[in-house]
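Listed below, chain by chain, are the residues.
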Amino acid sequence: MAKHLFTHTCFLLAFIGSMSHAAIVEYTFNVQNMTITRLCETRVINSINGQMPGPTIEAHEGDTVVIHAINQSPYNISLHWHGIFQRLTPWADGPDMITQCPILPGNKYTYKYNVTGQEGTLWWHAHVSYLRATVHGALIIRPRHGANAYPFPKPHKEETILLGEWWNANVVDVDREAYLTGGAPNGSDAYTINGKPGDLYNCSTKQTFKMEVVLGKTYLLRIINAALNTEYFFKIASHLLTVVAIDACYTKPYKTDTIVLGPGQTVDALITADALPGLYYMVASPYESFKGLPFNPIPARGIIQYTSDMSASYHDSAPLVPEMPESNDTKTAYSFYTNLTGLVMSNKPSTVPQHVDEHMFISYGMSLATCRSTQTKCNKTVGSIAANMNNVSFEFPTKMSLLEASFKNESGIYTRDFPDKPPEYFDFTNGTAVTNPFTVKGTKVKRVKYNSTVEVVLQNTAVIGSENHPLHLHGYNFYILAQGLGNYNKSSAVKKYNLVDPQVRNTIAVPASGWAVIRFVADNPGMWIMHCHLDLHLPMGLAMAFEVENGPTPDAILPPPPEDYPKC
């Protein structure tokens, strides 16, 4: 095994973040209805400040971000700052009933957190029901010393690309109907790039995102998958992309013509305008790993337009179209995800923890559950579609958030008995290996001592169906030590562990019928949910939470909640 003579830049930032010249970056977010027309229909949606996508938060490493959230909408709301560590500010993390009760209509809450030790592309979104379909935006943390501090050549310009999806329906009603029937929700009607479907959709020729480039210049694309339930292939015709960061962690430069993103993931990529001046489509097409599941095959399209010395003939010609992978091309997705490595610095001790205190094996996937009395349209003979981790289908509390219950040592809200392993081991990739697909509901968490190193084997199962699940861990980045297809085998997997320059993320797309191994140091006290970022799977129960204990010093002890902390 190679000697560990490197420091991972993503974790190095966490230790050398400087408070010098730090600023307070302040925004007011009015959560409100807005009227918008898409796909020939005019609809009322939830939004922030009447924008869709919402405002971009911009800060520098070390700054303090303050968001005054005012709920003027008819729905409960909470906001999550996806990828922010929230060190000693877990009250501001945002997941509904995990770290806070929702902000009720007519009420407000101020989120305040620091971004020391972090830089890159993150994002924010609603964390209640399906509201994040339209309530989301970019969160850009720039280096303390500006663009010249990037570990790659300074780009000519930067562009944020938010990939999303659109329903010709009220998304809260879509979520509610799925619950009542115990089935899957209706799929979206369109995919979008920066809120625009593109010219393949009805009434959308003028709702096509366009980006102008100058011949010979290099641009930084900050690509965010903000979709609810769709993973994407992303390509630009006749251009290569160089990945330089994922989930706000720098990578070794990786050249590719295809980028893959699960919901919740971000990719920073450089593109050089080195093609013949003209028009080129950027395309986001769905990656659907679940075989037989109906989906919308029409991709979202934007246009790259060269501006230097373009003749009229170029302006009038049709943009070139990239050849996209097939929607079920797991080989391309797996190749992209496994070829990324972290950016390291030479002649420094490794920051990848070598000793592990807590070993966990989490099998997860789809299952069935008994219909609830409130699921009035559910087929009681068949049962309700559910999801589970180690055969526990997560149930959200209703009286108090998990974090508040932990802080107050309140009993009856949750239990500390989330299992470290599944109740039985079987051929996880064989959909017929389980004769009883029913799971049990529970609000169970895993309690972890402060500063302990946790290693988790994530095993995807094929019960009911196999799918690439993007799993997001709040409050932490983690090292991805290894990934593979099939059933996890410890003896062969350990030989594949990358303890030198593993990629670092906050959201991992575990391969369909495959596995991954992640490792992190639990040095951030609080209650941190880990859940599937395909939003249809969260209310079905594909989640668990880590309860991280306080540390021994004042700077590792959770403070009380702020005075305006929402009440249930």
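Residues numbered from 1 in each chain as written. Predicted model: local features only at pLDDT ≥ 70, side-chain atom pairs only at ≥ 80, totals over all residues. Heavy atoms only, no water.

Chemist: Help me get a handle on the overall build of the chain, residues and values and all.
Modeler: Counting its regular elements, the chain contains six helices and 34 strands. Computed over C-alpha atoms, the radius of gyration of the chain comes to 23 Å, within 12% of the 24 Å expected from 2.2 N^0.38 for 568 residues, which places it in the range of a compact globule. Across its three principal axes, the chain shows a C-alpha extent of roughly 70 × 60 × 50 Å. In the chain, which comprises 568 residues, the share counted as buried stands at 60%. (Helix = DSSP H or I, 4+ residues; strand = E, 2+ residues; numbered from the N terminus. Rg over C-alpha atoms; globule rule 2.2 N^0.38 Å. Buried < 20%, exposed > 50% of the residue type's maximum accessible area, 1.4 Å probe, protein only.)

Chemist: Describe in detail the pairing of strand S32 (residues 514-522), supporting the description with residues and values.
Modeler: The side chains of a regular strand alternate, residue by residue, between the two faces of the sheet. Taking burial as the measure, the nine residues of S32 include eight buried ones, the bulk of the element. Across six bridges, strand S29 (residues 478-485) lies against S32 in antiparallel orientation. Paired with glycine 484 across the bridge in S32 is tryptophan 515. (Pairing = 2+ DSSP bridges.)

Chemist: Run through the sheet that holds strand S8 (residues 120-126), naming residues and quoting values.
Modeler: Overall, mixed pairing links the four strands, which are arranged S4-S9-S8-S6 in an open sheet. Of all strands in the sheet, those bounded by a partner on one side alone are strand S4 (57-60) and strand S6 (79-82). Direction aside, neighbouring strands of the sheet carry axes that sit 20 degrees apart on average. (Axes fitted to C-alpha atoms, helices over the stretch in contact; angles between N-to-C directions.)

Chemist: Break down unusual backbone geometry for me, citing the residues and quoting the values.
Modeler: In this structure, the amide linkage connecting methionine 52 to the following residue, proline 53, adopts the cis form with an omega of 0 degrees. Here proline 53 shows up in the loop between strand S3 (41-48) and S4. One non-glycine residue, asparagine 409, adopts positive backbone phi at about 55 degrees. When you line up the elements, asparagine 409 lands in the loop between helix H5 (402-408) and strand S25 (440-442). Phi is positive for asparagine 451, which is not a glycine, with a value near 70 degrees.

Chemist: Requested: an account of the packing of aromatic side chains, with residues and values cited.
Modeler: Any pair of aromatic rings gets described here by the distance separating the centres and the angle formed by the planes. Summed over the entire model, instances satisfying the criterion amount to 27 aromatic pairs. The structure contains a cluster of three or more aromatic residues connected by ring pairs, namely Tyr27, Phe29, Trp81, Trp91, Tyr109, Tyr111, Tyr113, Trp124, Phe407 and Tyr565. Over the face of the ring belonging to tyrosine 281 we find arginine 301, whose NZ or CZ atom lies 3.7 Å from the ring centre. (Phe/Tyr/Trp six-rings, centres within 6.5 Å; stacked < 30°, edge-to-face > 60°. Lys NZ or Arg CZ within 6 Å of the ring centre and 35° of its normal.)

Chemist: I'd like to hear about the side chain of histidine 239, residue by residue, with values.
Modeler: The topology assignment puts histidine 239 in the loop between strand S14 (231-236) and strand S15 (241-246). Separated by 2.6 Å, the side chain of histidine 239 and the backbone oxygen of alanine 237 make a polar contact. Excluding its chain neighbours within four sequence positions, the residues that come into contact with histidine 239 are Asp257, Ile271, Thr272, Ala273, Asp274, Ala275, Tyr280 and Tyr306. (Polar contact = N/O pair within 3.5 Å; in protein donor to acceptor, adjacent residues only side chain to side chain. Contact = heavy atoms within 4.5 Å.)

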